[in-house]
Amino acid sequence: MINRILIRIKVVQILYSYLLSRSEFKIESAPEAPSRDRKFAYAVYLDMLSLIQELSGIRTNNPSRSLPAIDVHPKFRTNRVGRALADNPQLKSITFREIADLNSFGPVLQRIADTLSATTAFADYARRRNHSLDDDIRVWTVLLESAVLKNPDVLAVLRKNPDFSLTGLHHGVMQAVDTLKAYNDASAMYVKAKNELETSLAKAYELYFAIFMLIVELTREEEERIETAKTKYLATADELNPNLRFVQNRFARYLADNEELKEVVEDKKITWIDSAPLLKNLLALITQSDIYIDYMARESTTWQDDCDFWRSILKNVILPSDALAEALESKSIFWNDDVLTMGTFVLKSIRRFATDDKAHFLPQYKDDEDAEFGAKLFTLAVENREKYREYIDRFINPDWDPERLAFMDIVIMLTAIAEIINFPGIPLPVSLNEYIEIANDYSTHRSGPFINGILYSIAGMLSDEGILRKPLVRQPEENEQ
């Protein structure tokens, strides 16, 4: 029921937030026109980050280094900081061309490792069975500030640098400490983003039931208003003998008694009881509508009439209303963008109920493939983002308007490329058309044509290289989502 159109939108939204906030080690660049102290501090900074890798048992693939193999404590090997630094492309590039030459540390590298593993800070760390990334970072910041900064072997090697100064030494070590402390756990952020994707899709399905429950609550609200009006001191004839067709609507009664709806409402804690202003506002809009006036004036109605009434009211009065949009925004950060899509599925469901009062509510997903589609698409976009970005960059003209390079455009194209390469069952035009629509709705006014051109160029290239095995020109299938 949650179709691939909505899933694609959710993946793009979550991927945008994830890539925008994702950060790893921010490696400092070499200072411009440095003083002697700053030049030495930067050399120390690179040495410290490189030492962490070596003391973690990670051999850096640098042909200029010829360091001896050393025995390191197992807890150093499992500490994630060394591996994260070794995998950092910026640091790899810098250490190849800059002055982070660790060969002079070779004769004392084992002694440094033994000294660090004998410290109280490391002993406390090693005793614990499980470590968070914060623990891994914390032990290295403590070791840098205390044991490494004061280690005689380290000092002896660094003093050989003609630019040596105590000020530069201190600043270089503290620069390395600051780099470690500023690190955010990208893996934890990735897990969080995937959880947010799952949550947002679950919330969309929850909204589907919340809209049905809104029918129930509006009926109850009107029923209470009628009963209150009867007790007025000077009640009118209409108030004493009201037209009960609205509150006795068969479909609304059916929903109120439906066990499946009750179970979901109880499990998800769905309620509109705390939204009295919304209910009053919507009732006013309903009762002023021609749909309501015509319905209430009929001599009699059938089950299908009652279903059709609520379908028309939802489509023309409730779903487009500003009052509902404001209420949804306060109830869930996910709901405002989903109301029209989920409202469409509610309308389809009511049409089914109108012809079959034994019909069931729609399942969350059409099948297992759809259920796995969002998580798989997100994962593929994240894991291959650098390769897919290279594809994009091949067709980006440096003379084009920078507005066309909006970050959202890049995210949309990364997701689209992940889909067209890895989901062979989805026709290429279907994928491209969907992402062009997302660009039109969520990015700049020029994004649609721009993304269209880039994606078709990439598809042609991938086809020529044998990576993409789909026809380049094909009409979308009517039921493809």
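Right above here is the structure, for reference.
Residues numbered from 1 in each chain as written. Predicted model: local features only at pLDDT ≥ 70, side-chain atom pairs only at ≥ 80, totals over all residues. Heavy atoms only, no water.

The next thing to look at is the packing of aromatic side chains. Per the stated rule, a full pass over the model turns up 30 aromatic pairs. Centre to centre, the rings of Tyr205 and Tyr208 are 5.9 Å apart; their planes meet at 5°, and the pair counts as stacked. Of the two residues, Tyr205 and Tyr208 both sit in helix α11 (residues 186-230), three residues apart, roughly one turn of that helix. The residues Tyr205 and Tyr208 share a single accessibility class, namely buried. On the numbers, 6.4 Å between centres and 90° between planes, the contact of Tyr208 with Phe361 is edge-to-face. Of this pair, Tyr208 sits in helix α11 while Phe361 sits in the loop between α19 (335-355) and α20 (368-383); the two residues are 153 residues apart in sequence, bridging distant segments of the chain. Across the pair, Phe361 and Tyr208 agree in class, each one buried. Ring-pair connections join several aromatic residues into one group, and the members of that group are Tyr205, Tyr208, Phe209, Phe212, Phe251, Tyr254, Trp303, Phe353 and Phe361. Across the ring face of Phe423, the terminal group of Lys376 is positioned such that the distance to the ring centre comes to 5.1 Å. (Phe/Tyr/Trp six-rings, centres within 6.5 Å; stacked < 30°, edge-to-face > 60°. Helix = DSSP H or I, 4+ residues; strand = E, 2+ residues; numbered from the N terminus. Buried < 20%, exposed > 50% of the residue type's maximum accessible area, 1.4 Å probe, protein only. Lys NZ or Arg CZ within 6 Å of the ring centre and 35° of its normal.)

This next bit is on the pattern of salt bridges. According to the stated counting rule, one finds 24 salt bridges in the structure shown. Between Asp267 and Lys268 there is a salt bridge; the shortest N-O distance is 3.8 Å. A residue is classified by how much of its surface remains accessible, and Lys268, at 40% relative accessible area, is partly exposed. Linking Glu465 and Arg394 is a salt bridge whose minimum nitrogen-to-oxygen distance equals 3.4 Å. Placement of the pair is Glu465 in the segment after α24 (447-464) and Arg394 in helix α21 (residues 385-394), with a sequence separation of 71 residues. Look at the salt bridges and you will find they share partners, linking Arg4, Glu369 and Asp370 into a network. (Salt bridge = Lys/Arg side-chain N within 4 Å of Asp/Glu carboxyl O.)

For the rest of this paragraph, the subject is unusual backbone geometry. At Ala33, a residue that is not glycine, the phi angle is positive and equals roughly 45°. By the element assignment, Ala33 lies in the loop between α1 (4-21) and α2 (36-55). Accessibility expressed as a relative area gives 75% for Ala33, which makes it exposed. Although it is not a glycine, Lys269 adopts a positive phi angle of roughly 55°.

Let us look at helix α16 (residues 290-297). Of all the residues in α16, the buried ones are Tyr292, Tyr295 and Met296. The arc that holds the buried residues of α16, viewed along the axis, is 95°, so those residues lie on one side. Exposed and oriented more than 90 degrees from the buried face of α16 are Asp290 and Ala297. (Arc of directions from axis to C-beta.)

The subject of this paragraph is the side chain of Asp338. Note that Asp338 resides in helix α19. Residue contacts for Asp338: discarding those within four places in its chain leaves Leu6, Lys10, Ser200, Ala204, Leu207 and Gly343. (Contact = heavy atoms within 4.5 Å.)

Glancing now at helix α6 (residues 109-117). Residues of α6 that are buried: Leu109, Ile112, Ala113 and Leu116. Taken end-on, α6 shows its buried residues confined to a sector of 100°, consistent with a single buried face. Buried residues along α6 sit against α2, α3 (74-78), α7 (120-127), α8 (133-148) and α9 (152-158).

This part takes up the side chain of His131. Looking at the secondary structure, you find His131 in the loop between α7 and α8. Among the polar contacts listed, one links the side chain of His131 to the backbone oxygen of Arg128, at a separation of 3.2 Å. Discounting residues that sit within four places of it in the chain, His131 has contacts with Lys75, Arg80, Tyr125 and Asp136. (Polar contact = N/O pair within 3.5 Å; in protein donor to acceptor, adjacent residues only side chain to side chain.)

Relative to the helices and strands, Leu15 resides in helix α1. Along the backbone, Leu15 and Leu197 are 182 residues apart, and their C-alpha atoms lie at a distance of 9.0 Å. Residues within four places of Leu15 in sequence aside, it is in contact with Phe378, Ala381, Val382, Val411 and Thr415.

Here the focus is the environment of Pro449. Among the secondary structure elements, Pro449 is positioned in helix α24. Under the relative-accessibility criterion, Pro449 is labelled exposed at 58%. C-alpha of Pro449 to C-alpha of Glu390: the two residues are 59 residues apart in sequence and 20 Å apart in space.

Fair warning: the whole summary comes from geometry, so function is off the table for now.
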